[in-house]
Amino acid sequence: MTTRRRRHIYSCCDFAKKLARLHHVDEEKVMVACLAHDVFRDVAASKLLRIAKAYGIEPKGMELEHPVLLHGKVAAEYLRRRFKIEDRDILEAVAFHTSGRPNMGEIAKILFLADSLEETRAYEGVEDLRRLAERDLDEAVIQTLRSKVCYAMKKEYLLFSETVEMWNWLLRNKRSKSLIQNDQDGVEGG
């Protein structure tokens, strides 16, 4: 692991711990997920593919083209095998911290946000997203994902299918909440 990666992980832990406290989420589980999330991030692509195969992880689509995308899933399986961690919330958070996925739990949301918003991250709007994450995890996930998708589109990067699925799920979920708040028909005052 590089010094830069280690610094990112510790910064991620600091921000995640703050979010866990503010949102009353189990800090210990959040810390385990944070410490493990990028353990395999700096592993060479060929080695990552070999480890994934040994762990029974079947790379799909973009993971074959860009094996680095496997680092979270490999780290989650490593936690399960090496440290006998069976907590689904921790394993989900680690496995999907980069791509996200529909219906993420609170620990996964916090890791997803901390990975993108920790203090070493510097990009336009990050301060606003940090403040939003302190107030509203769900809205911060939507806005952080929007930022990631817009960045990928601007750079003409491919979008990971799990990220697209997460975006669609978030919008449907948000829309259904606003429909309930607006007399079931989606029209204010209707």
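See above for the structure.
Every residue gets a number counted from 1 within its own chain, in the order that chain's sequence is written. The predicted nature of this model means local features are confined to residues of pLDDT at least 70 and side-chain atom pairs, given and counted, to a pLDDT of 80 or more, with totals for whole chains, interfaces and linings taken over all residues. Here the side-chain values reflect all heavy atoms present in the structure, with hydrogen atoms and water set aside.

> What's the story with the packing of aromatic side chains in this structure? I'm lost.
Any aromatic ring pair is given by two values, namely how distant the centres are and how the planes are angled relative to each other. Two aromatic rings, drawn from Phe, Tyr or Trp (for Trp, its six-membered ring), form a pair once their centres lie within 6.5 Å of each other, and the interplanar angle then sorts them: stacked below 30 degrees, edge-to-face above 60, tilted otherwise. A complete count under the given rule lists three aromatic pairs for this structure. Aromatic pair Tyr 78 and Phe 83: ring centres 5.8 Å apart, planes at 80°, arrangement edge-to-face. For each residue, the accessible area found with a 1.4 Å probe, counting protein chains only, is set against the maximum for its type, and the residue is called buried under 20%, exposed over 50%, and partly exposed in between. Classification of Tyr 78 as partly exposed rests on a relative accessible area of 27%. For Phe 83, a relative accessible area of 46% gives the class partly exposed. Working rule: Lys NZ or Arg CZ, within 6 Å of ring centre, within 35 degrees of ring normal, means a charge sits over the ring. Here the guanidinium or amino end of Arg 82 rests over the ring plane of Phe 83, the centre of that ring lying 5.0 Å away.

> Can you help me understand the nonpolar core in this one?
In a soluble, globular protein the nonpolar side chains are often hidden away together inside. Core analysis: the biggest nonpolar cluster contains 52 residues, and Val 30, Val 74, Ile 110 and Leu 113 have the highest contact counts within it. If one sorts the elements of this core by residue count, helix H7 (residues 106–117) sits on top with eight residues. Any two residues whose heavy atoms approach within 4.5 Å at even a single point are treated as in contact. Each residue touching Ile 110, except ones within four places of it in the same chain, is listed here: Ala 16, Leu 19, Ala 20, Val 25, Val 30 and Leu 137. Each nonpolar core is a collection of buried residues, namely Ala, Val, Leu, Ile, Met, Phe, Trp, Tyr and Cys, held together in the definition by side-chain atoms within 4.5 Å. Helix numbers and strand numbers start at the N terminus; a helix is a DSSP run of H or I with at least 4 residues, a strand a run of E with at least 2.

> Can you help me understand empty space enclosed by the protein in this one?
One water molecule sets the probe size; rolling that probe over the atoms shows where empty space is left. Buriedness of a pocket was judged along seven lines, with at least five required to meet protein on both sides within 12 Å; pockets are open sets of points on a 1 Å grid over the protein atoms alone, cavities are sets where a 1.4 Å probe fits but cannot get out, and lining residues have an atom within 4 Å of a point. Grid points are joined across faces, edges and corners, and a volume is the space filled by probe spheres set on the points. Scanning the entire structure with this criterion turns up one cavity of 30 Å³ or more. Here the largest cavity defines a volume of roughly 50 Å³. In terms of lining, the largest cavity is formed by Leu 69, Lys 73, Ala 95, Phe 96, His 97, Thr 98, Ser 99, Phe 160 and Glu 162.

> Before we go on, may I ask you to explain the environment of Leu 129 in this structure?
In this fold, Leu 129 is placed in helix H8 (residues 126–135). Residues Leu 129 and Asp 38 lie 91 residues apart in sequence; the distance between their C-alpha atoms is 22 Å. Not counting the four nearest positions on each side in its chain, Leu 129 is found in contact with Leu 117, Tyr 123, Gln 143, Thr 144 and Ser 147.

> In this structure, what is going on with the side chain of His 8? I would like to understand it.
Among the structural elements, His 8 can be located in helix H1 (residues 3–22). Leave out the neighbours within four places in its chain, and His 8 touches His 37, Asp 38, Asp 115, Glu 118, Thr 120 and Arg 121.

> It is not clear to me how the pattern of salt bridges should be interpreted in this structure. Could you clarify?
When their charged atoms lie close together, side chains carrying opposite charge are able to pair. The salt bridge definition used is simple: a Lys or Arg side-chain nitrogen within 4 Å of an Asp or Glu carboxyl oxygen. Taken as a whole and judged by the stated rule, the model has 19 salt bridges. A salt bridge links Arg 21 to Glu 27, with the nearest nitrogen and oxygen atoms 3.2 Å apart. The class of Glu 27 is partly exposed, set by a relative accessible area of 27%. Arg 131 is the salt-bridge partner of Asp 128, the closest N and O atoms lying 2.4 Å from each other.

> Would you take a moment to explain helix H2 (residues 27–36) for this structure?
Because each turn of an α-helix spans 3.6 residues, side chains separated by three or four positions in sequence point in the same direction. Buried within H2 we find Val 30, Met 31, Ala 33, Cys 34 and Ala 36. Think of a polar contact as two N or O atoms within 3.5 Å of one another; within protein, one of them needs to be a possible hydrogen donor and the other a possible acceptor, and neighboring residues in sequence only count if both atoms come from side chains. One side-chain oxygen of the residue at the start of H2 lies 2.9 Å from the amide nitrogen of Glu 28, identifying that residue as Asp 26.

> Just to check I follow, could you spell out the layout of surface pockets for this structure?
Taken as a whole, the largest pocket encloses approximately 1400 Å³ of empty space. In terms of lining, the largest pocket is formed by 38 residues, of which the most central are Thr 98, Arg 121, Lys 148, Tyr 151 and Tyr 157. Looking at the lining of the largest pocket, the elements that each hand over two or more residues are H1, H7 and helix H9 (137–154). Looking at the lining of the largest pocket, the element that brings in the most residues is H9, giving nine residues. For this classification, Asp, Glu, Lys and Arg are treated as charged, while Ala, Val, Leu, Ile, Met, Phe, Trp, Tyr, Cys and Pro are nonpolar and the rest, including Gly, are polar. Residues that form the lining of the largest pocket fall into these classes: 15 nonpolar, twelve polar and eleven charged. Around the second largest pocket sit Ile 57, Lys 73, Ala 76, Glu 77, Arg 80, Arg 88, Asp 89, Leu 91, Glu 92, Ala 95, Phe 96 and Arg 101, which together line it.

> Explain the packing of H7 against H9 to me, please; I cannot follow it from the model alone.
If you want to describe how two helices pack, look at the angle between their axes and the distance between the axes. The convention used is that axes are lines fitted to C-alpha atoms, helices contributing only their stretch in contact, and that angles between N-to-C directions extend from 0 to 180 degrees. At their nearest, the axes of H7 and H9 sit 10 Å apart, and the two run at 45° to each other. With respect to each other, H7 and H9 are oriented oblique. The handedness of the crossing between H7 and H9 comes out as left-handed. Residues Glu 106, Lys 109, Ile 110, Phe 112, Leu 113, Ser 116 and Leu 117 of H7 form the contact with H9, whose own contacting residues are Leu 137, Asp 138, Ala 140, Val 141, Thr 144, Leu 145 and Lys 148. For classification purposes, an angle smaller than 35 degrees is called roughly parallel, one larger than 145 roughly antiparallel, one from 65 to 115 roughly perpendicular, and anything else oblique. Handedness of each helix crossing follows the sense of rotation of the near helix against the far helix: counterclockwise by less than a right angle gives left-handed, clockwise gives right-handed.

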